[in-house]
Amino acid sequence: MTELLAVAVITVLAVISPGADFAMVVRNSYLYGRTTGLMAAAGVAAGVLVHVAYTMLGVGLLIASSTALFTAIKLVGAAYLVYIGVRTFFARGDVEVDLETRPRLTRLGALRTGFLTNALNPKTTLFVVSTFTQVVGPGTGVWQQAGYGLFMSAAHFGWFALVALFFSNSRLRTSMLRWQKALNRGIGSVLVGLGVTLGLAR
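Residues numbered from 1 in each chain as written. Predicted model: local features only at pLDDT ≥ 70, side-chain atom pairs only at ≥ 80, totals over all residues. Heavy atoms only, no water.

As for the side chain of Asp21
Quick note on the threshold: Strands are runs of DSSP state E lasting at least 2 residues, helices are runs of H or I lasting at least 4, and numbering of each runs from the N terminus. Exposed residues in this analysis have more than 50% of their type's maximum accessible area, buried residues have under 20%, and partly exposed residues fall in between, with area computed by a 1.4 Å probe over protein chains only. Residues scored as charged are limited to Lys and Arg (positive) and Asp and Glu (negative), so that His and the chain ends carry no count. Throughout this description, the term salt bridge denotes a Lys or Arg side-chain nitrogen within 4 Å of a carboxyl oxygen of Asp or Glu. Working rule for contacts: check all heavy atoms of both residues, and any pair within 4.5 Å makes them a contact.
You can see Asp21 is positioned in helix α2 (residues 20-32). No salt bridge forms around the buried Asp21; measuring N to O, its nearest opposite-charge neighbour Lys123 is 4.1 Å away. Those residues in contact with Asp21, other than ones at most four positions away along the chain, are Val44, Thr117, Asn118, Asn121, Lys123, His156 and Phe160.

Let's talk about the packing of aromatic side chains
What counts, and what does not: For Phe, Tyr and Trp, rings pair up if their centres lie within 6.5 Å, where Trp contributes its six-membered ring, and each pair is then called stacked (planes under 30 degrees apart), edge-to-face (over 60) or tilted (otherwise).
In the structure shown here, the tally under the stated rule is three aromatic pairs. Taking 5.0 Å as the distance between ring centres and 70° as the angle between the ring planes, the aromatic pair formed by Phe89 and Phe90 counts as edge-to-face. Arranged with centres 4.9 Å apart and planes meeting at 85°, the rings of Phe166 and Phe167 form a pair that is edge-to-face.

Structural notes on a nonpolar patch on the surface
The cut-off we apply is this: For patch building, the residue pool is restricted to those with more than 30% relative accessible area and no salt bridge; the joining distance is 9 Å between like charges and 5 Å between nonpolar side chains (Val, Leu, Ile, Met, Phe, Trp, Tyr). A 1.4 Å probe and the Shrake-Rupley method give the accessible areas. Residues count as covered only by the protein chains that appear here.
A cluster of nonpolar side chains, namely Leu5, Val9, Val12, Leu13 and Ile16, defines an oily patch on the protein surface of about 450 Å² accessible area. Summarising the element assignment, Ile16 is placed in helix α1 (residues 2-16). The class of Ile16 is partly exposed, set by a relative accessible area of 41%.

Brief notes about the environment of Tyr83
Mapped onto the elements, Tyr83 comes out in helix α5 (residues 67-89). Expressed as a C-alpha distance, the spacing of Tyr83 and Leu191, which sit 108 residues apart in the sequence, is 8.6 Å.

Examining the side chain of Asn121
How we decide: Here a polar contact is recorded for every N or O atom pair within 3.5 Å, except that within protein the pair must consist of a potential hydrogen donor and a potential acceptor, and residues adjacent in sequence are included only if both atoms are side-chain atoms.
Examined against the element boundaries, Asn121 turns out to sit in the loop between α6 (107-119) and α7 (122-135). Polar contacts involving the side chain of Asn121 include one to the main-chain amide nitrogen of Lys123, which spans 3.1 Å. Discounting chain neighbours no more than four positions away, the residues touching Asn121 are Ala20, Asp21, His51 and Leu81.

Below you can see the structure in the form of structure tokens.
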């Protein structure tokens, strides 16, 4: 029971803390609508499972003990955050409010963006690896560990689905579209800042 509570608390705190995944879901939701935002949220949740899978296979322990390997993973993730941040910052404005007729981002594209954002997110790496290495013990069964991983993924989807529903609200979305260029630059700057900070962190 203590182990389960610890996983739940750590997961909730990790999910609601703002990061690249939050900025990405917000952007996709207000630019392209509710369905696209929800697909991005599903991609974020799927990205969590990548970290759960390799951690359960023992790679997480290797990352925790190998500074060089962890640094390499961190730098790749940081570079990706900078990349999508720069693309967001310089994204062209003037997206139409009625995006049902000519969507600029496909559902598969939104799913892929969400997946890559979390699969290459150092914050998610740290969250999953630290949770498993600190909470899960030698006596924890494989199915129980899988259950924890599924809970982490489901928690991400639940939270980011709410984010997508909120930021795709028609009135809020129309208002945000009027300030699209400024929002793109703000979100892009946050993503670049996160990438640089994570890349330089020791």
